[in-house]
Amino acid sequence: MGVTPTIRVQAQDFDTAAEAKLLSSNDAGIGALVTFTGLCRDEGGALSALELEHYPGMAEAEMMRIATLAIERFDLRGLTVIHRYGKITTGDNIVLVIAASSHRQAAFDGANFVMDYLKTAAPFWKKEHATDGTAGTWVSAKDADESAKEKWR
């Protein structure tokens, strides 16, 4: 069975429950659905928003590459990956990964794999906006994110 992932980069918010229902509604062989939603956190009250930018076309292509690897590696029956861009305030959704499989471990591993690679390989950039109104610097990649990706090699 060939599985085609759903990949979207969008400014508007997404509905996690609707996306999960859409992914799982046409496959009675799905026994597990793992949903991960990344939110904009306030960094201890210092952050009011993140400004997310992406490289149009390249971001989607890299997300598709990552999703295809996850589907093949974990034998996923479905996969949805949505990443937002624009100014996102604290508490709002940034990213959604939904992995569907016959069994739970593959769905957990697939979702985790996608997030580890998405954070390090997809061309997205984040700029912090402080609660005092100042725009901070662009956020650098973290060593912990690279280490997390390495466990999949």
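Scope of this entry: the structure provided in the associated data block. (Residues numbered from 1 in each chain as written. Predicted model: local features only at pLDDT ≥ 70, side-chain atom pairs only at ≥ 80, totals over all residues. Heavy atoms only, no water.)

1. Examining the pattern of salt bridges
Pairing between side chains of opposite charge can happen when the charged atoms of each approach one another. Here the structure, examined in full by the defined rule, presents nine salt bridges. Glu43 is paired through a salt bridge with Arg41; the nearest N and O atoms lie 2.9 Å apart. Note on Glu43: relative accessible area 39%, which makes it partly exposed. For Glu146, the salt bridge is made with Lys149, and the minimal N-O distance between the two is 3.8 Å. Of this pair, Glu146 and Lys149 both sit in helix H4 (residues 143-150), three residues apart, roughly one helical turn. Among the residues examined, Glu146 registers a relative accessible area of 34% and is labelled partly exposed. (Salt bridge = Lys/Arg side-chain N within 4 Å of Asp/Glu carboxyl O. Buried < 20%, exposed > 50% of the residue type's maximum accessible area, 1.4 Å probe, protein only. Helix = DSSP H or I, 4+ residues; strand = E, 2+ residues; numbered from the N terminus.)

2. A word on the sheet that holds strand S4 (residues 78-84)
Spatial strand order, S1-S4-S6-S2: four strands in an open sheet with mixed pairing. With one partner strand each, in any of the chains shown, strand S1 (6-10) and strand S2 (32-39) form the two edges of the open sheet. For this sheet, the mean inter-axis angle between neighbouring strands, taken without regard to orientation, is 5°. Alignment of S4 against strand S6 (residues 93-101), held across six bridges, turns out to be antiparallel. What sits directly across from His83, in S6, is Val95. Against the sheet, helix H2 (residues 58-74) touches S1 and S4, its axis set at about 150° to S1. Seen against the sheet, helix H3 (residues 104-121) touches S2, S4 and S6 and runs at an angle of roughly 145° to S6. (Pairing = 2+ DSSP bridges. Axes fitted to C-alpha atoms, helices over the stretch in contact; angles between N-to-C directions. Contact = heavy atoms within 4.5 Å.)

Honestly, that's just the spatial picture; any functional story needs more than this.
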